[in-house]
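# An overview of the molecular structure
Chain residues, written in single-letter form:
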Amino acid sequence: MGNSALKAHLETAQKTGVFQLTGKGLSEFPEDLQKLASNLRTIDLSNNKIEILPPLMGKFSVLKSLALNNNKLTALPEELCKLKKLETLHLNSNHLTQLPATFGQLSALKTLSLSGNQLRTVPTQLCSLRHLDVVDLSRNQIQSVPDTVGDLQAIELNLNQNQISQISVQISHCPRLKVLRLEENCLDLSMLPQSILSDSQISLLAVEGNLFEIKKLRELEGYDKYMERFTATKKKFT
């Protein structure tokens, strides 16, 4: 893509606060974007070939939404975690194996999508994010859900299509968790904490495609309590 085309995009972004350049085969983050660091609210560079995000990412002080789906990122810079206004971060279909240690400093983050990466665990940094609503960790390589998950503030957690065979009972203690998606994992019924049914806030539990029949779930103690929550929530939305 020529410089003139990039210049036109930059001029538009200066007026709108939105920079969108998707599917252009970019191999690196456009450094010229830093000229607009103080007024860009949205950046979308999805469907490119970006492998590395530069440290200058930390300069986008008013950025609210960042989308880099379907690139070739293997890591995120610590500087990304300085974005105190960032509310939405979409990083689906990259090659990420972990998050920066300071990821919990993204204090405004509400929506995080990391579907289709190479994460092996639920990152503990997520538990520091007090305003997190939706977390998508589907299509990774996660094998277990650790005790730290009990501090997660999310309303919806998507763990579909992983390799999960163990879940900590602490997941029942998530204070705001209403939707838990665990479809197509490696769960035995005996490994699903019954407290999810009997003693949690969860009102939608999706577990199809595991190592048990759904009708067996219905026989568990606490299923009637879960169905009460499920039905009450359904009524609210219909």
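Refer to the structure printed above.
So, here is what we can say about the structure in this document.

Rules used in this analysis
Residues numbered from 1 in each chain as written. Predicted model: local features only at pLDDT ≥ 70, side-chain atom pairs only at ≥ 80, totals over all residues. Heavy atoms only, no water. Pairing = 2+ DSSP bridges. Helix = DSSP H or I, 4+ residues; strand = E, 2+ residues; numbered from the N terminus. Axes fitted to C-alpha atoms, helices over the stretch in contact; angles between N-to-C directions. Expected span 1.5 Å × (residues − 1). Buried < 20%, exposed > 50% of the residue type's maximum accessible area, 1.4 Å probe, protein only. Arc of directions from axis to C-beta. Contact = heavy atoms within 4.5 Å. Polar contact = N/O pair within 3.5 Å; in protein donor to acceptor, adjacent residues only side chain to side chain. 1 Å grid on protein atoms, 1.4 Å probe; cavity = no way out; pocket = protein on both sides within 12 Å on 5 of 7 lines; lining within 4 Å. Points joined across faces, edges and corners; volume = space filled by probe spheres on them. Nonpolar A, V, L, I, M, F, W, Y, C, P; charged D, E, K, R; others polar.

## Things to note about the sheet that holds strand E8 (residues 156-158)
Read from one edge of the open sheet, nine strands run E1-E2-E3-E4-E5-E6-E8-E10-E11, paired in parallel fashion. Both outer strands of the open sheet, strand E1 (18-20) and strand E11 (204-206), are each paired with one neighbouring strand and no more. For this sheet, the mean inter-axis angle between neighbouring strands, taken without regard to orientation, is 5 degrees. Across three bridges, the pairing between strand E3 (residues 65-67) and strand E4 (residues 88-90) is parallel. Among the inter-strand pairings, Ala67 is bridged to a residue of E4, identified as His90.

## Brief notes about the environment of Glu213
Checked against the element boundaries, Glu213 lands in the loop between E11 and helix H3 (214-217). For the pair Glu213 and Asp188, spaced 25 residues apart in sequence, the C-alpha separation works out to 9.7 Å.

## Observations concerning helix H1 (residues 3-16)
An α-helical turn contains 3.6 residues, so any two residues separated by three or four positions project in the same direction. For H1, with 14 residues, the first-to-last C-alpha span of 20 Å sits near the 20 Å given by 1.5 Å per residue. Among the residues of H1, those classed as buried are Leu6, Leu10 and Ala13. Buried residues in H1, looked at end-on, bunch into an arc of 60 degrees, giving them a common side. Pointing more than 90 degrees away from the buried face of H1 are the exposed residues Ser4, Lys7 and Lys15. Taken together, the buried residues of H1 touch E1. Downstream of H1 by a residue or two, Gly17 has a phi angle that is positive, lying close to 80 degrees.

## Observations concerning the side chain of Asn162
Position of Asn162 among the secondary structure elements: in the loop between E8 and strand E9 (166-167). Within the structure, the side chain of Asn162 is placed 3.1 Å from the backbone nitrogen of Asn140, a separation counted as a polar contact. A distance of 3.3 Å separates a polar atom in the side chain of Asn162 from the backbone nitrogen of Gln141.

## A few points about the environment of Phe103
Within the secondary structure, Phe103 is located in the loop between E4 and strand E5 (111-113). The class of Phe103 is buried, set by a relative accessible area of 0%. Note: C-alpha distance between Phe103 and Pro175 (72 residues apart in sequence) is 21 Å. Ignoring anything within four residues of it in the chain, the contact list for Phe103 reads Leu76, Cys81, Leu89, Leu109, Leu112, Gln125, Leu126 and Leu129.

## Here we look at the layout of surface pockets
Each pocket or cavity is described by its volume, and for the largest pocket that value is around 180 Å³. As for the largest pocket, its lining consists of 13 residues, of which Leu205, Glu208, Ile214, Tyr223 and Tyr226 are closest to the centre. Mapped by element, the contributors of at least two residues to the lining of the largest pocket are E11, H3 and helix H4 (223-237). Among the elements that take part in the lining of the largest pocket, H4 stands out by supplying four residues, more than any other. Here the lining of the largest pocket is composed, by residue class, of ten nonpolar, no polar and three charged.

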